[in-house]
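Each chain is listed here by its residues.
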Amino acid sequence: MTGGHTEDEGPAHHAPKRRGRPSRTSGTTGPDARTRILEAARTEFAERGYDKTSIRGIAKAAGVDSALVHHYFGTKDEVFAAAIELSFEPALVIPTVLGGGTDGMGERLARYFISVWENPASRAPLLAIMRSALTHEAAAKVLRGFVLRRLLERVAETLDVPDATFRAELAASHMLGIAMLRYVVRAEPLASADPEQIIEMVAPTLQRYLTESA
């Protein structure tokens, strides 16, 4: 029952009932703690970037022990991946993008992508993610893995065309290029263009990537 040094570095398979000193905040386990950790991680990555963010710093911001961060998420890379997923919320949105069939898929994908970047609440962490991926290989690896496994493979599974994964990657590269120029580099006139104008011009190209056979 004493609070000795019992933290270990890897994620555990059981609830950490006696790990490290008790947190000063209430509720060190359960969904509330996990949510606090994830929100703190997103904020830390957004404000400090990948290199300067640490598990210890995330734990401090969330008001929990470092061991609890390891318990829920494992390594810093895994926390970073979870922060990306929180920003995109793919489990909620991808069925909406893909659920209407192939007709209009390009427009729905473009509208979703632009809406995520236009929302200030999700734009800040996404900017941090993009910048981190440009300067740190570990962050780039996490972003590649997330985009490929969580997003593009789900898109490709719905396509009845040759080279579906390649086509989904082309669509993603198009949208990420727009994000880089509009939100990171802020190249004009793209940076000041009306979002609806961007969607109108980009949607047919995405539609061609995703649905046309040859």
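What follows is about the packing of helix H7 (residues 120-135) against helix H9 (residues 164-184). Between H7 and H9, the shortest axis-to-axis distance is 11 Å and the interhelical angle comes to 105 degrees. The angle between H7 and H9 falls in the class roughly perpendicular. The residues of H9 that touch H7, namely those facing Arg123, Leu127, Met130, Arg131 and Leu134, are Leu176, Ala179, Met180, Tyr183 and Val184. Class assignment for the residues of the contact of H7 with H9 results in 8 nonpolar, no polar and 2 charged.

Bringing the pattern of salt bridges into the picture now. Tallying each qualifying case throughout the model produces 5 salt bridges. A salt bridge links Glu107 to Arg111; its shortest N-O distance comes to 2.6 Å. Separated by 4 residues within a single helix, Glu107 and Arg111 lie in helix H6 (residues 105-118), roughly one turn from each other. Since its relative accessible area comes to 33%, Arg111 is described here as partly exposed. With a closest N to O distance of 2.6 Å, Arg111 and Glu196 form a salt bridge. Here the residue Arg111 occupies a position in helix H6, and Glu196 occupies one in helix H10 (residues 195-211), the gap between them amounting to 85 residues. Residue Glu196 is classed as partly exposed on the basis of its relative accessible area of 40%.

Below, the discussion takes up the confidence of the model for the protein. Here the protein shows a mean pLDDT of 79. Residues at 70 or above account for 82%. Below pLDDT 50 for its whole length, residues 1-27 participates in 40 contacts with residues either more than four positions away or in separate chains.

Note on backbone geometry: most residues besides glycine have negative phi, and most peptide bonds are trans. The peptide bond linking Glu188 to Pro189 adopts the cis configuration, its omega dihedral lying at 5 degrees. Note on placement: Pro189 falls in the loop between H9 and H10. We note that Arg186 has phi near 60 degrees; this positive angle belongs to a residue other than glycine. Classification of Arg186 as exposed rests on a relative accessible area of 52%.

Moving on, we get to the nonpolar core. Counting residues in each nonpolar core, the largest one holds 63 residues, and the members touching the most others are Ile37, Phe45, Val79, Phe80, Trp117, Leu206 and Leu210. Counting residues per element, this core draws most heavily on helix H8 (residues 137-157), which supplies 10 residues. Non-local contacts of Phe45, meaning those with residues more than four positions away in its chain, are made with Tyr50, Thr53, Ile58, Lys76, Val79, Phe80, Ala83 and Ala128.

So, about the side chain of Lys76. Within the secondary structure, Lys76 is located in helix H4 (residues 76-88). Side-chain polar atoms of Lys76 contact the backbone oxygen of Tyr50, separated by 2.9 Å. Apart from the residues lying within four places of it in its own chain, the contact partners of Lys76 are Phe45, Tyr50, Asp51, Thr53, Ser54 and Ile55.

This part covers the packing of H6 against H10. As a packed pair, H6 and H10 sit with axes 7 Å apart at the nearest point and diverge in direction by 135 degrees. The angle between the axes of H6 and H10 places the two elements in the oblique class. The handedness of the crossing between H6 and H10 comes out as right-handed. Between H6 and H10, the contacting residues are Met105, Gly106, Glu107, Leu109, Ala110, Arg111, Ile114 and Glu118 on the first element and Pro195, Glu196, Ile198, Ile199, Val202, Ala203, Leu206, Gln207 and Leu210 on the second. Here the contact of H6 with H10 is built from residues that sort into 11 nonpolar, 2 polar and 4 charged.

So, how was this worked out
- Residues numbered from 1 in each chain as written.
- Predicted model: local features only at pLDDT ≥ 70, side-chain atom pairs only at ≥ 80, totals over all residues.
- Heavy atoms only, no water.
- Axes fitted to C-alpha atoms, helices over the stretch in contact; angles between N-to-C directions.
- Helix = DSSP H or I, 4+ residues; strand = E, 2+ residues; numbered from the N terminus.
- Parallel < 35°, antiparallel > 145°, perpendicular 65-115°, else oblique.
- Contact = heavy atoms within 4.5 Å.
- Nonpolar A, V, L, I, M, F, W, Y, C, P; charged D, E, K, R; others polar.
- Salt bridge = Lys/Arg side-chain N within 4 Å of Asp/Glu carboxyl O.
- Buried < 20%, exposed > 50% of the residue type's maximum accessible area, 1.4 Å probe, protein only.
- pLDDT = per-residue confidence, 0-100.
- Core = buried A, V, L, I, M, F, W, Y, C linked by side-chain atoms within 4.5 Å.
- Polar contact = N/O pair within 3.5 Å; in protein donor to acceptor, adjacent residues only side chain to side chain.
- Left-handed = near helix turned anticlockwise from the far one by under 90°.

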